[in-house]
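Chain and residue survey
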Amino acid sequence: MRTRYSPAHRRRILCVYPRYARSFGTFQHAYPFFGGRVRAFMPPQGLLVVAAYLPETWPVRFVDENSETATAEDFRWADAVFVSGMHIQQPQIHDIVARAHAHARPVIVGGPSVSGCPEYYPDADVVHLGELGDATDRLIEYLDRHPERPPQQLTFETIERLPLVDFPTPAYGLIPLREYFIANIQFSSGCPYSCEFCDIPALYGRNPRLKTAAQVLAELDLIAAAGATSVYFVDDNFIGNQKAALELLPHLVDWQTRNHYPLRFACEATLNIAKSERVLALMREAGFITVFCGIETPEPEALHAISKDQNLRMPILDSVQRINNYGLEVVSGIILGLDTDTPDTADRLIEFIHASRIPMLTINVLYALPKTPLWRRLEAERRLVPDAGRESNVAFKLPYETVLGMWRRCIGVAYAPEAVYARFAHNIAHTFSRRKKYPVNAQRASWANLRMGFAILARLLWRVGVRGGYRRTFWRLAWPALRAGEIEPLIHAAVVSHHLIEFTRDCLRGAGESSFYASTTLEGPETAPPNHPRSARPVVAGTR
């Protein structure tokens, strides 16, 4: 649904989504293999929802600066500028505000960063705190009546949130969906767990709120029609309400069956998803092929210390194996710099990576997000430090350089070409082979998609197999896969591995982030996109 407010005036709204930080989970080193088609990681779901909620009579122009930069003409065209983002995007948000002000345009900043810390944005004309709801309607009314910049900053704070069942379909028509590495969709918001470092419960609640299955299927219709082939469920925890997930999954199975499986799905879920084989079986049947699990650390005492006991419902390696048994590749989040870390933690993490055979792990240094339990504890202990020139705002119990050295060692070992290729080879043989045998889909098998696939393969063979510095490692995987006709698994493994290898090299020479949440690299300000699966869940007016 759109806002119930009926405006008296026509306002042109420019929505600008800021660049985000490079990370292990954003694949920017993979984009060249797509021949210029892929330009960004995921669509800014929240800002697209806000664009769809605005009055129908208000023209909306949408610019994702991970793909292209908003121009002076864009700002001159607009009557008001909407911006959303996370804490790591602060510098880019301030830059957008300054460019809009150069053209005397009012700027409204919403989303998770300003909702958590409005004091970070004194330069915004209007701040929208909280999720889509009554404050959004009041903001629209204000813009209808006041086209000029206000004399001082105004605040609109949501008291009554719009139920997810009333959310409009994101304005997918405003973006070129096929220019994104992966499409995304939201089913639920919120997570019942209270991990010490996480701000989700404070921002979105512990009782997950839900869309209807009909809403989700209608969005999938649009996403598939736009030519996307993969979709990430950006829910904070796909099984945060397991009963709801079990009710949704048969609808997804039916939709995929009726449409001959045009899409492959991925999601984020807590590791205790391994306890529900009914959920895993339905996910396999629905076309899920990847699940991101915040494992964080293989050390039980560390998990207990950060209030992540849900990861201990089963032995961690057993959980990973069970998820793999249903054809689901596990992607893992890992944190270094926890209070329980010792100089031996890096050794134990490397042993876990080898034993779990998880191909991709987003290995980050601990960073305290504002107003989380971690933040409050460290603030009381006087262990929050300015992060200027540092990779974290935490005064670790281990020496700072020791933690960074552990991080460098872990990523260097994990993403040595031979190591990551060996883990992918294992998954191709033992995980990918367990996936459902999907029927032929006319759209996926279209001449345009086949041509694109062969072009990607040709670029891989030339850039990695002929000119690459790890070409022998590549061919040890590629020859058997080519002979077996396993082209799609080969492309997936090689494209993702190339990004992981190259981004690791960036990090080791000081040009990459050791923490997804830090806004500086080891050499200085971050200058290029983009970020990790969770990071692509920006929120304007609190929608995701």
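Bear in mind the structure is a predicted one, so any value in this text is a computation, not a measurement. (Residues numbered from 1 in each chain as written. Predicted model: local features only at pLDDT ≥ 70, side-chain atom pairs only at ≥ 80, totals over all residues. Heavy atoms only, no water.)

Side note on the overall build of the protein
Just so we agree on the cut-off: Comment: elements are numbered from the N terminus, with helices defined as DSSP H or I runs of at least four residues and strands as E runs of at least two. Our radius of gyration is a C-alpha quantity, and the globule rule it is checked against amounts to 2.2 Å times the number of residues to the power 0.38. Relative accessible area decides the class of each residue, using a 1.4 Å probe on protein chains only: under 20% of the type maximum gives buried, over 50% gives exposed, and in between gives partly exposed. It only takes one pair of heavy atoms within 4.5 Å for two residues to be counted as in contact. All accessible-area figures derive from a Shrake-Rupley calculation using a 1.4 Å probe, and residue coverage is judged against the displayed protein chains alone.
When helices and strands are counted, the protein shows 18 helices and 14 strands. Scaling as 2.2 N^0.38, a compact globule of 544 residues should have a C-alpha radius of gyration of about 24 Å, and the protein matches this with 23 Å. Buried residues in the protein amount to 61% of all 544 residues. Of all intrachain contacts in the protein linking residues separated by at least 6 positions in sequence, the fraction that spans at least 24 positions is 79%. In the structure as shown, the protein presents an accessible area of about 20500 Å², 54% of it carried by carbon and sulfur atoms.

Let's talk about the nonpolar core
Here is the rule we go by: Residues grouped as a nonpolar core are buried Ala, Val, Leu, Ile, Met, Phe, Trp, Tyr and Cys residues, joined through side-chain atoms within 4.5 Å.
Membership of the largest hydrophobic core comes to 163 residues, with the highest contact counts inside it found for Phe-82, Leu-220, Phe-233, Phe-238, Leu-252, Phe-288 and Ile-323. Excluding its chain neighbours within four sequence positions, the residues that come into contact with Phe-82 are Ile-13, Leu-14, Cys-15, Val-16, Leu-47, Val-50, Leu-54, Ile-108, Leu-139 and Leu-143. The next biggest cluster of nonpolar side chains, apart from the first, holds 20 residues, and it includes Ala-70, Ile-96, Val-107 and Val-127.

A closer look at the confidence of the model for the protein
Cut-off, in case you're wondering: Values of pLDDT, ranging from 0 to 100, describe the predictor's confidence in every residue of the model.
When pLDDT is averaged across the protein, the result is 93; 94% of the residues are at 70 or more. In the predicted structure, residues 520–544 sits below a pLDDT of 50 and forms 136 contacts with residues beyond four places in sequence or in another chain.

Let's talk about the pattern of salt bridges
Inclusion rule: In the sections that follow, a salt bridge refers to a side-chain nitrogen of Lys or Arg positioned within 4 Å of a carboxyl oxygen of Asp or Glu.
Inspection of the entire model under this criterion finds 27 salt bridges. A salt bridge links Glu-277 to Arg-322; its shortest N-O distance comes to 3.9 Å. Placement of the pair is Glu-277 in helix H9 (residues 277–286) and Arg-322 in helix H11 (residues 316–325), with a sequence separation of 45 residues. The class for Arg-322 is partly exposed, based on a relative accessible area of 25%. Salt-bridge contacts for Arg-383 lead to Glu-381; the nearest nitrogen and oxygen are separated by 2.9 Å. You can call Arg-383 buried: its relative accessible area is 11%. Since its relative accessible area comes to 39%, Glu-381 is described here as partly exposed.

Examining unusual backbone geometry
Phi angles above zero are rare outside glycine, and His-260 is one such case at about 60°. As for its placement among the helices and strands, His-260 is situated in the loop between helix H8 (242–258) and strand E11 (264–268). For Arg-357, which is not glycine, the phi dihedral falls at a positive 55°. Looking at where Arg-357 falls in the secondary structure, it is placed in the loop between helix H12 (345–356) and strand E14 (360–365). Judged by relative accessible area, which is 40%, Arg-357 ranks as partly exposed.

A look at a nonpolar patch on the surface
Operational definition: Only residues whose relative accessible area exceeds 30% and that form no salt bridge are eligible for patches; like-charged ones are grouped when within 9 Å, while nonpolar side chains (Val, Leu, Ile, Met, Phe, Trp, Tyr) are grouped when within 5 Å.
On the surface, Trp-447, Leu-450 and Phe-454 cluster together into a nonpolar patch covering about 370 Å² of accessible area. Along the chain, the position of Leu-450 falls in helix H16 (residues 447–466). For Leu-450, a relative accessible area of 37% corresponds to the partly exposed category.

Examining the packing of H16 against helix H18 (residues 487–508)
As a reminder of what qualifies: Axis geometry follows a simple rule: fit a line to the C-alpha atoms, using only the stretch in contact for helices, then measure angles between N-to-C directions, giving values from 0 to 180 degrees. Orientation labels follow simple angle bins: below 35 degrees gives roughly parallel, above 145 gives roughly antiparallel, 65 to 115 gives roughly perpendicular, and whatever is left gives oblique. Put simply, a crossing is left-handed when the front helix is turned counterclockwise from the back one by less than a right angle, and right-handed when it is turned clockwise. Side-chain classes are defined by residue name, with Ala, Val, Leu, Ile, Met, Phe, Trp, Tyr, Cys and Pro counting as nonpolar, Asp, Glu, Lys and Arg as charged, and the others, Gly among them, as polar.
Running from N to C, H16 and H18 point in directions that differ by 50°, and their axes come no closer than 10 Å. Classified by the interaxial angle, the pair formed by H16 and H18 is oblique. Here H16 and H18 pass one another in a crossing that is left-handed. For the pair H16 and H18, the contacting residues are Gly-453, Ile-456, Leu-457, Leu-460 and Val-464 in the first and Ile-487, Leu-490, Ile-491, Ala-494, Val-495 and His-498 in the second. Class assignment for the residues of the contact of H16 with H18 results in nine nonpolar, two polar and no charged.

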